[in-house]
Amino acid sequence: MWYPANHYFPFPPTAFLLKGTFYSQIPQTMLAAEQTIHHLPSPARTRLNPTSNLDMKYAFPEQVEALAEIQKLFTVSDQQLAELVKRMGEEMQIGLERDDASDLKMIPSFVTGYPTGQEEGVYLALEISGMDIYVCQVKLKGQGGKLAINQYQYKIPAALATGQDIADLVDYIADCVSDFLVRVGSQDLFVYPMAISFGFAVEQTALNKGYIIALGHGFDYANGVGCDVVELIHSRFQRKGLSVRVVAIANDTVCTLLAHAYQHPSTKLGIVHSAGTNCAYYETMDNISKLQTNANHIRSSSDGSDMIINTEWCNFGSKKKYLPSTWFDRKLDRESNNPNVHIFEKMTTGVYLGELVRIVLIHLVDNEMLFGGESSEVLNTPFSFDTSYMYVCENDDTPSLDGIRVILEDMLKVGATSMADREIVKKVCEIIGERATMLVGAGTASVVQYMVEHGIGMDLDGSGFAISISGDIYEDYPQFHPRVCKTLKKMLPEHIAAKLSVGIVKHSRIVGAAIVAMMAEKA
């Protein structure tokens, strides 16, 4: 996938991307955004359980009662949200003091200072995301954040996802970079600075030094964990004779923050919410006590500049049970390939939301409240209910709920479905999707509140700060972003919420890696 050199991203200062369209937004009205689907039942056909607030046209009373129990389990009270906000803030402070004491790793990125949007130069960026490799040339043009990119995407062969030596994978990555340089026409006698955004968990000890602490989903190399990823990549690039110098490595969430900050310098917080989830933000150096006390961290900045911290909030609630989980969540966790970790991620992200829906549907089938008590081989298969199906189900307002019918009958092979079946599936998707957005909104509120009260603060007399978000679930799930904003507004004092704006941008991580390379060169 190519993006021509004249492909600019002139995002409005306060804009968010929803359903592929840019909308201007004013910070105060942004957090008031809400998109709710209401189904008003026909009085003649209503079979509503009087103890439930569910609006159901076709379900029988016993089905409504069963669904009401599901809704009750997944409902998150304001008190529980307030507890989440409080506890995440406490975990942030603990994680900044010492390693292995908090659910949040609070990893220093060693990226310090803020981009201004006036920087210029040509930089390379490399992103490894799942089974995809993206190589990108970014031309920073200054002038308030203008830029142009050339990008190409490569697929990692399945055979290279596992093995004895991770250098085999890196050699393939080097071949991809070599091919890219031929395509864009690299300049002779010019060594391109490059930053890398890795999908693997990396513990950084400097801007250009980091050790893999966990391989990504689907990858398994005997010598992968513990290797110095920058040194390995740099050495293999040199062996291939590439005119590339790896100057930095950055987490994808750090890149999301910086990609937006180059065009909107008020950006202080970045979130990735897709197959997984993470949050990064600017922290004052004085608060990062473990940089002073832990010999594993090499302090690379003594100028007092603020540093971006990678929270790894995906793991929140794993050791300390702060999240309002249900037995459905615990079942999903037990049967996952990484039980007892990444609990926040398992309750909110694209990999797991569809599976939660599937587990609930199977429960309703087993209790003969759905599909006449009959499932299918496909529906019985873990992760067969793709999270993208939730988008379709929630947005299906056709009289016969035909989009839901196609998913159930054609994709999941459950046989002929009734209107009650489709209505129940739609409502289950809404219940689980709404809880996810409430948790993400409360988590974001916690980070913002911590920043205001204990961190870099907020100029309440000025423009406040912006939040940058990337991830398929935000881009493709229309209800997700407005619901997050609703919770964010609810959990923050009005004088803080009114000073926030949110930007949802595509191509953010790969552009952000180039910004990291630029900042590394200027450090």
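Calculation notes
Residues numbered from 1 in each chain as written. Predicted model: local features only at pLDDT ≥ 70, side-chain atom pairs only at ≥ 80, totals over all residues. Heavy atoms only, no water. pLDDT = per-residue confidence, 0-100. Helix = DSSP H or I, 4+ residues; strand = E, 2+ residues; numbered from the N terminus. Contact = heavy atoms within 4.5 Å. Core = buried A, V, L, I, M, F, W, Y, C linked by side-chain atoms within 4.5 Å. Buried < 20%, exposed > 50% of the residue type's maximum accessible area, 1.4 Å probe, protein only. Expected span 1.5 Å × (residues − 1). Arc of directions from axis to C-beta. Pairing = 2+ DSSP bridges. Axes fitted to C-alpha atoms, helices over the stretch in contact; angles between N-to-C directions.

Engineer: Quick one: what's the story with the confidence of the model for the chain, residue by residue and with numbers?
Structural biologist: Residue-level pLDDT values for the chain average 85, and 86% of them are 70 or greater. Across the chain, the element-wise mean pLDDT spans from 26 in strand S2 (residues 21-24) up to 98 in helix H12 (residues 402-411). Here residues 1-52 is a poorly scored stretch, pLDDT under 50, and it has 121 contacts once near neighbours within four places are set aside; other chains count. Across residues 298-302, where pLDDT falls below 50, the model places eight contacts with residues more than four positions away in sequence or in other chains.

Engineer: Quick one: what's the story with the nonpolar core, residue by residue and with numbers?
Structural biologist: In this structure, Leu258, Tyr281, Phe385, Val425 and Ile467 are the most contacted members of the largest nonpolar core, which totals 127 residues. It is helix H13 (residues 419-454) that provides the largest number of residues to this core, a total of 16 residues. In this structure, isoleucine 467 is in contact with Leu269, Ile271, Thr444, Val448, Leu488, Leu500, Ser501, Val502 and Gly503, ignoring residues within four places of it in sequence. Ranked by size, the runner-up nonpolar core spans 41 residues in total, among them Leu126, Phe180, Met194 and Phe237.

Engineer: Please set out the side chain of serine 318 residue by residue, giving values where relevant.
Structural biologist: Relative to the helices and strands, serine 318 is located in the loop between strand S15 (307-310) and helix H8 (327-334). In contact with serine 318, not counting residues within four places along its chain, are Asp103, Asn340, Val341, His342 and Ile343.

Engineer: Summarise helix H3 (residues 78-97); cite the residues concerned and give the values.
Structural biologist: With 20 residues, H3 extends 29 Å from end C-alpha to end C-alpha; this agrees with the ideal 28 Å at 1.5 Å per step. Taken as a whole, H3 has its buried residues at Leu81, Leu84, Val85, Met88, Gly89, Glu91, Met92, Gly95 and Leu96. Buried residues of H3, seen end-on, are gathered within an arc of 165° and therefore sit on one face of the element.

Engineer: Lay out unusual backbone geometry with the relevant residues and their values.
Structural biologist: For aspartate 100, which is not a glycine, the phi torsion comes out positive at approximately 65°. The phi dihedral of phenylalanine 371 is positive, around 55°, even though this residue is not glycine. Of note, phenylalanine 371 is situated in the loop between helix H10 (350-366) and helix H11 (387-395). Look at phenylalanine 371 and you get buried, because its relative accessible area is 8%.

Engineer: Could you give an account of the sheet that holds strand S6 (residues 146-155), naming the residues involved and the relevant values?
Structural biologist: Read from one edge to the other, the open sheet built from five strands follows the order S6-S5-S4-S8-S12, with strand pairing classed as mixed. Sheet topology places S6 and strand S12 (244-251) at the edges, where each strand pairs with a single neighbour. Between one strand axis and the next, the sheet turns through 20° on average, direction left out of account. In this structure, strand S4 (residues 120-129) lies alongside strand S8 (residues 192-198), joined through five bridges in parallel fashion. Paired with leucine 126 across the two strands is isoleucine 196, which belongs to S8. Each of S4, strand S5 (132-142), S6, S8 and S12 touches helix H4 (residues 167-184); the most contacted strand, S6, lies at about 130° to it. Contacting S5, S6, S8 and S12, helix H6 (residues 252-263) crosses the sheet at an angle of about 100° to S12.

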